[in-house]
Amino acid sequence: MTLPLNQIIEGDCVEILTMLPEKSIDLIFADPPYNLQLQNELHRPNMTKVDAVADDWDKFESMQAYDEFTQTWLTACKRVLKPTGTIWVIGTYHNIFRVGAIMQDLGFWILNDVIWIKINPMPNFRGVRFTNAHETLIWASTGKDATYTFNYYAMKGLNDEKQMR
């Protein structure tokens, strides 16, 4: 099979990944459903409705159902990653800890967590929590002893010759 290069392939990720050859992918960036568990509509203090994610693709019957979904797509990712490949997964406090645990259970080796700080986060309208002002990215290799690429000097050069944080 010739891999599609420079293309976006739309479809169910597990179905698409099963069509790809084993150990054929260098890097995966995954932005899975966050399992936000929204129960009711969200409203601002002025009572206008917040356009929040309430789509079926982000709804799961239980944490177990979410975990099973996550294990399925991560297993499919691991199958197609080259031994030298890496995966980036982004999430929020709703899902990233569960995703990280499942990644470790599947043998992925977590290299770093990277924090994306949002400069204009959605406020916590009810005033009962801190504002969620970041998302977490997990960067992982295929296993503890896997060789992977990290362009240290290129990253340092982009950061005034200081090690990238």
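Scroll up a little and you will see the structure.
All figures in this text were calculated on a predicted structure; none of them were measured in a lab.

Trainee: Give a description of the overall build of the chain that names residues and reports values.
Mentor: The number of helices and strands found in the chain is four helices and four strands. Per-residue burial for the chain yields a buried fraction of 29% across its 165 residues. Sequence-distant contacts in the chain: of pairs separated by 6 or more residues, those separated by 24 or more amount to 69%. Carbon and sulfur atoms make up 53% of the accessible area of the chain, which amounts to about 11700 Å² in all.

Trainee: Before we move on, can you summarise the pattern of salt bridges with the specific residues and values?
Mentor: Summed over the entire model, instances satisfying the criterion amount to three salt bridges. Salt-bridge contacts for aspartate 26 lead to lysine 82; the nearest nitrogen and oxygen are separated by 3.2 Å. In this pair, aspartate 26 is assigned in strand E1 (residues 25-30) and lysine 82 in strand E2 (residues 81-91), connecting sequence segments 56 residues apart. Put simply, aspartate 67 and arginine 98 hold a salt bridge, and the shortest N to O gap is 2.7 Å. Here aspartate 67, found in helix H2 (residues 63-80), pairs with arginine 98, found in helix H3 (residues 96-105); they are 31 residues apart in sequence, far enough to count as distant.

Trainee: Describe the sheet that holds strand E3 (residues 109-117), and please don't skip the residues or the numbers.
Mentor: Taken together, the four strands give an open sheet; going across it, the order is E1-E2-E4-E3, and neighbouring strands pair in mixed fashion. Edge positions in the sheet fall to E1 and E3, since each has one partner strand and no second. This sheet shows a mean twist of 15° between the axes of neighbouring strands, independent of strand direction. Two strands pair when backbone bridges link them, and E1 and E2 are joined in this way by five bridges, in the parallel orientation.

Trainee: Tell me about the nonpolar core, and please be specific about residues and values.
Mentor: Ranked by size, the top nonpolar core spans 21 residues in total, and within it Ile28, Trp73, Leu74, Ile87, Val89, Met103 and Phe108 carry the most contacts. Broken down by secondary-structure element, the contributors of at least two residues to this core are E1, H2, E2, H3 and strand E4 (134-141). Here this core takes six residues from H2, the largest share from any one element. Discounting residues that sit within four places of it in the chain, isoleucine 28 has contacts with Cys77, Val80, Leu81, Thr86, Ile87 and Trp88.

Trainee: Hey, could you go over the side chain of glutamate 135 for me, with residue numbers and the actual values?
Mentor: Turning to its location among the elements, glutamate 135 is positioned in strand E4. Classification of glutamate 135 by relative accessible area gives buried; the value is 8%. Here glutamate 135 is in contact with Tyr34, Ile90, Gly91, Thr92, Val114, Ile115, Trp116 and Lys118, once residues within four sequence places are set aside.

Trainee: Before we move on, could you go through the packing of aromatic side chains and cite the residues and values that matter?
Mentor: Evaluated as defined, the whole model comprises seven aromatic pairs. Note on tryptophan 139 and phenylalanine 150: the rings are 5.6 Å apart at their centroids and 40° apart in plane angle, and the pair reads as tilted. Pair noted here: tryptophan 139 is in strand E4 and phenylalanine 150 is in the loop between E4 and helix H4 (152-157), with a separation of eleven residues, a long-range link. Look at tryptophan 139 and you get buried, because its relative accessible area is 6%. Of the residues examined, phenylalanine 150 reaches a relative accessible area of 44% and is grouped as partly exposed. Ring plane angle 85° and centroid distance 5.0 Å describe the contact between tyrosine 152 and tyrosine 153, whose orientation is recorded as edge-to-face. Put simply, the rings of Trp88, Trp139, Tyr148 and Phe150 touch in pairs and so form one group of aromatic residues. Between the NZ or CZ atom of lysine 78 and the centre of the ring of phenylalanine 108, over which it lies, the distance is 5.1 Å.

Calculation criteria
- Residues numbered from 1 in each chain as written.
- Predicted model: local features only at pLDDT ≥ 70, side-chain atom pairs only at ≥ 80, totals over all residues.
- Heavy atoms only, no water.
- Helix = DSSP H or I, 4+ residues; strand = E, 2+ residues; numbered from the N terminus.
- Buried < 20%, exposed > 50% of the residue type's maximum accessible area, 1.4 Å probe, protein only.
- Contact = heavy atoms within 4.5 Å.
- Areas by Shrake-Rupley, 256 points an atom, 1.4 Å probe, with all protein chains shown as cover.
- Salt bridge = Lys/Arg side-chain N within 4 Å of Asp/Glu carboxyl O.
- Pairing = 2+ DSSP bridges.
- Axes fitted to C-alpha atoms, helices over the stretch in contact; angles between N-to-C directions.
- Core = buried A, V, L, I, M, F, W, Y, C linked by side-chain atoms within 4.5 Å.
- Phe/Tyr/Trp six-rings, centres within 6.5 Å; stacked < 30°, edge-to-face > 60°.
- Lys NZ or Arg CZ within 6 Å of the ring centre and 35° of its normal.

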